[in-house]
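Residue strings, one per chain:
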Amino acid sequence: EVQLQAFGGGLVQAGGSQRLSCAASGFALDDYAIGWFRQAPGKEREGVSCIGSYDGNSYYPDSVKGRFTISSDNAKNTVYLQMNSLKPEDTAVYYCVADGDRSSCPKRRPNDYHYWGQGTQVTVSS
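Here's a quick rundown of the structure. Predicted model, so just to flag it, every value in this text is computed and none were measured. (Residues numbered from 1 in each chain as written. Predicted model: local features only at pLDDT ≥ 70, side-chain atom pairs only at ≥ 80, totals over all residues. Heavy atoms only, no water.)

**Digging into the overall build of the chain**
Put simply, the rule is: Only runs of H or I of at least four residues qualify as helices and only runs of E of at least two qualify as strands under DSSP, and these elements are numbered from the N terminus. Computation of the radius of gyration draws on C-alpha atoms alone. For the globule rule, the value is 2.2 Å times the number of residues to the power 0.38. Buried residues are those whose accessible area, probed at 1.4 Å on protein chains only, stays under 20% of the maximum for their type, while exposed residues exceed 50% and partly exposed ones sit between those limits. The contact criterion used throughout is that any non-hydrogen atoms of two residues lie within 4.5 Å. Exposure was quantified through the Shrake-Rupley algorithm and a 1.4 Å probe, taking into account, for residues, occlusion by the shown protein chains and nothing else. Residues scored as positive are Lys and Arg, those scored as negative are Asp and Glu, and His as well as the terminal groups of each chain are ignored. Just so you know, the charge point we use is NZ for Lys, CZ for Arg, CG for Asp and CD for Glu.
Each helix and strand in the chain was counted, giving one helix and 10 strands. Mapped from its N terminus to its C terminus, the chain presents α and β elements in the order β-β-β-β-β-β-β-β-α-β-β. Its C-alpha atoms give the chain a radius of gyration of 13 Å, within 12% of the compact-globule value 14 Å for 126 residues. Across the 126 residues that make up the chain, the buried fraction comes to 45%. A sequence separation of at least 24 residues applies to 61% of the contacts in the chain between residues at least 6 apart. Roughly 6300 Å² of accessible area belongs to the chain as shown, and the carbon and sulfur atoms make up 44% of that amount. Charge separation in the chain, taken as the distance between the mean sites of 12 positive and 13 negative side-chain charges, equals 5 Å.

**A few points about the packing of aromatic side chains**
So the rule is basically this: In this scheme Phe, Tyr and Trp rings, the latter by its six-membered ring, pair at centre separations within 6.5 Å, and the angle between planes marks the pair as stacked below 30 degrees, edge-to-face above 60, and tilted otherwise.
One pass over the structure, following the stated rule, counts five aromatic pairs. Considering the side-chain rings of phenylalanine 37 and tyrosine 113, the 5.4 Å spacing of their centres and the 70° angle between planes classify their relative orientation as edge-to-face. With phenylalanine 37 in strand E4 (residues 33-39) and tyrosine 113 in the loop between helix H1 (104-107) and strand E9 (115-116), this residue pair connects regions lying 76 residues apart in the sequence. Judged on exposure class, the residue phenylalanine 37 and its partner tyrosine 113 are both buried. Ring centres of tyrosine 95 and tryptophan 116 lie 5.8 Å apart, and the angle between their planes is 65°; on these two criteria the pair is classed as edge-to-face. Taken together, the residues tyrosine 95 in strand E8 (residues 92-99) and tryptophan 116 in strand E9 connect sequence positions 21 residues apart. A residue is classified by how much of its surface remains accessible, and tyrosine 95, at 21% relative accessible area, is partly exposed.

**What about the sheet that holds strand E7 (residues 78-83)?**
Operational definition: Strands pair, by our definition, only if DSSP identifies at least two bridges between them. Axes, fitted as lines to C-alpha atoms, cover a helix only where it is in contact. Angles between the N-to-C directions of the axes lie from 0 to 180 degrees.
Strand order in the open sheet formed by four strands is E1-E3-E7-E6, with antiparallel pairing between adjacent strands. If you trace the sheet from one side to the other, it starts and ends with strand E1 (3-7) and strand E6 (68-73), each paired once. Mean inter-strand twist for the sheet, computed between neighbouring axes without regard to direction, equals 15°.

**So, the pattern of salt bridges**
Where charged atoms from two side chains of opposite charge approach closely, those side chains can pair. Operational definition: Salt bridge, as applied in this entry: a Lys or Arg side-chain nitrogen positioned within 4 Å of an Asp or Glu carboxyl oxygen.
All told, the structure shown has five salt bridges when counted by the stated rule. A salt bridge links arginine 38 to glutamate 46, with the nearest nitrogen and oxygen atoms 2.9 Å apart. The class of arginine 38 is buried, set by a relative accessible area of 7%. Using a relative accessible area of 24% as the deciding quantity, one classes glutamate 46 as partly exposed.

Listed below in structure tokens is the structure:
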């Protein structure tokens with residue numbers, strides 16, 4: 001069965017860096033769109049990254065572009081989210097997500113993703 005396990009969250013100072021990992025099982029990364037959503041209290045879910053699009057591009061919203069980078073290691077079936085220059089507004093629960101329809105990646109809609117990990121908390125202190 002398809003499973004996603006996110007880890008690597010924690011407390012970090014503003015301006016610092018953190019790397020999240022998502023270990024995938026039950027499917028091959030090459031066949032899926034996979035990425036990250038985040039949700040902070042009082043805010044809507046926001047897609048912060050995605051890879052696996054049919055066009056080969058990665059996607060980021062303006063809120064994280066230039067600071068966050070998504071990458072994958074297919075041999076390890078793992079996806080990473082490198083977060084640099086962190087800000088307090090980056091504080092949220094981060095969810096690893098995946099979907100078998102690779103067109104989900106550029107659309108960046110949470111309802112398009114059938115598989116969600118448990119989430120990992122990232123807290124950025126000022």
